[in-house]
Structure formats: C-alpha cells, structure tokens
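Report on the structure
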Amino acid sequence: INRYLDHVQPGIAANGGFVVQYYGDGLLALFPGGADKALHGVAAMLHGLAGYNRGRGDLPELRSGIGVHHGPVTLGVIGDPDHMQCSVFGDAINVASRIQTLTRDFNARVLASGEAISRLKTPERFSLRPLGAVDIRGRDQNVELFEVLT
C-alpha cells in the first residue's frame, strides 16, 4: 500500500492538495485551490497509478475509482485525551464518498458532481461526459453527475 501511495500522493501535493485521511488502500484528499486543481490532481494520481502498475510485473493491474465534489467542510482534531486525530467532516465529504462508490456502477475511473464541474474556471481543459441526475443516498435532491474522461 505504501508503494502505491508513493506513486499517487505526489500528484495530489503537486496540485495544491493534501491527504486528510488514509483508508487502507484509499484516501481522502482536499484541494483548497479549487475544482481545476482537484481535477488536475486526479489526473496526476491516475498517471502515478499507471506508473505503479507498470512496475508490478505479472501482478494484476490495480484500478481506482475517484469521486469529486465541492462544498464546505470542517477540518479539526477529534478524539479523547488517549487518542486524538485530525479529520474532516461535512456533507461534501459524504457526497464525494457516495460518488466514488458510483464509479463501479458507471464503470468509470472518475466521477464528479455538477457542483464541482460548475466551479471549474477552465472547463474546456477537461473532457467531461454528462451522466444526468442520480439519486445519492442521504440526499433529498438528485446530484448531477459527470464522468471525467482521462
């Protein structure tokens, strides 16, 4: 897992993002620089993953599914005196996680919400395929979804 992370994390940092949390072979990254930085970071992560896969020899290729959303979050330290950790909270985190899960259903590497896409300063630099409005568990309203083609 650390070798995999050695290949994907630099693309996050190079685009102004930072990893908030690791989940086994997954991670949660924030991009305070905006949606363009986030999508460039995602492309760099996928490039790093391709490099990692090339070095694995005969082992099966690893694939990833990435969900991108935009919204307010709260970053803070939680826990008790015996165990503290930094974490991030908010509806935007939940929506991004739900979108990431949908990558399997859509057989897509990267899915982004309409909210994230609407924040792009240079949308013409990205290849996007609209997928329509989808139901996201825990949300009253559907979320516009786009596949980000890399």
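On to the environment of Pro60. You can see Pro60 is positioned in the loop between α2 (35-54) and β3 (66-68). In the structure, Pro60 is positioned 88 residues away from Val148 in sequence and 24 Å away in space, judged by C-alpha atoms.

Sheet strands pair by backbone hydrogen bonding; their relative direction is either parallel or antiparallel. Taken together, 4 strands build an open sheet; the order of strands is β3-β6-β8-β7 and the sheet is mixed. Here the strands that pair on one side only, and so sit at the sheet edges, are β3 and β7 (127-134). The average undirected angle you get between the axes of adjacent strands in this sheet is 25 degrees. Two strands pair when backbone bridges link them, and β3 and strand β6 (residues 110-113) are joined in this way by 3 bridges, in the parallel orientation. Note that in β6 the partner of Gly67 across the bridge is Leu111. In the packing of α2 onto the sheet, the strands contacted are β3, β6 and β8 (143-149), and the crossing angle to β3 comes to about 175 degrees.

Here we come to unusual backbone geometry. For Asn107, which is not a glycine, the phi torsion comes out positive at approximately 50 degrees. Among the secondary structure elements, Asn107 is positioned in the loop between α3 (91-106) and β6.

Glancing now at the side chain of Asn53. Mapped onto the secondary structure, Asn53 falls in helix α2. Of the polar contacts made by the side chain of Asn53, one reaches the backbone nitrogen of Leu62; its length is 2.8 Å. The contacts of Asn53, once residues within four sequence positions are left out, are Pro60, Glu61 and Leu62.

Helix length check: α2 (20 residues) gives 29 Å between terminal C-alpha atoms against 28 Å at 1.5 Å per residue, within 8%. Along α2, the residues classified as buried are Ala35, Asp36, Ala38, Leu39, Gly41, Val42, Met45, Leu46, Gly48, Leu49, Tyr52 and Asn53. Taken together, the buried residues of α2 touch α1 (2-14), β2 (26-30), β3, β6, α4 (114-118) and β8.

With respect to the element layout, His70 can be found in the loop between β3 and β4 (74-80). Between the C-alpha atoms of His70 and Asp91, which are 21 residues apart in sequence, the distance is 9.8 Å. Among all residues touching His70, those that are not within four sequence positions of it are Ala92, Ser113, Glu115, Ala116 and Arg119.

Residues three or four positions apart in an α-helix share a direction because the helix packs 3.6 residues into each turn. Taking 1.5 Å of rise per residue, 13 residues should cover 18 Å, and α1 covers 18 Å from first to last C-alpha, within 8% of that figure. Of all the bends in α1, the greatest reaches close to 30 degrees and is centred on Val8; the proline Pro10 follows between one and four positions later. The inward-facing, buried residues of α1 contact β1 (18-23), β2 and α2. One or two residues past the end of α1 sits Gly16, with phi positive at roughly 80 degrees.

Let us now look at the packing of aromatic side chains. Evaluation of the coordinates by the stated rule reveals 1 aromatic pair. On the numbers, 6.1 Å between centres and 70 degrees between planes, the contact of Tyr4 with Tyr52 is edge-to-face. A residue pair is termed long-range when its members are at least 10 positions apart, and Tyr4 in helix α1 and Tyr52 in helix α2 qualify at 48 residues. Accessibility expressed as a relative area gives 12% for Tyr4, which makes it buried.

The rules behind each value
- By convention here, each chain's residues receive numbers from 1 onward along its written sequence.
- Two thresholds apply to this predicted model, a pLDDT of at least 70 for residue-level local features and 80 or more for giving and counting side-chain atom pairs, whereas whole-chain, interface and lining totals are computed over all residues.
- For the side-chain quantities, the full set of heavy atoms in the structure was used; hydrogens and water were omitted.
- Going along the chain from the N terminus, every DSSP run of H or I of four or more residues is numbered as a helix, and every run of E of two or more is numbered as a strand.
- Pairing between strands is defined by DSSP: at least two bridges between the two strands are required.
- Simply put, an axis is a line fit to the C-alpha atoms, just over the touching stretch for a helix, and the angle between two N-to-C directions goes from 0 to 180 degrees.
- The contact criterion used throughout is that any non-hydrogen atoms of two residues lie within 4.5 Å.
- Think of a polar contact as two N or O atoms within 3.5 Å of one another; within protein, one of them needs to be a possible hydrogen donor and the other a possible acceptor, and neighboring residues in sequence only count if both atoms come from side chains.
- Between the first and last residue of a helix there are one fewer steps than residues, each counted as 1.5 Å, and that sum is the expected span.
- Each residue is assigned to one of three classes by its accessible area relative to the maximum for its type, calculated with a 1.4 Å probe on protein chains only: buried under 20%, partly exposed between the two thresholds, exposed over 50%.
- Throughout, the bend at a residue refers to the angle made by two axes, fitted to the seven residues ending there and to the seven starting there.
- Two aromatic rings from Phe, Tyr or Trp, using only the six-membered ring of Trp, form a pair when their centres are within 6.5 Å; if the ring planes differ by under 30 degrees the pair is stacked, by over 60 it is edge-to-face, and anything between is tilted.

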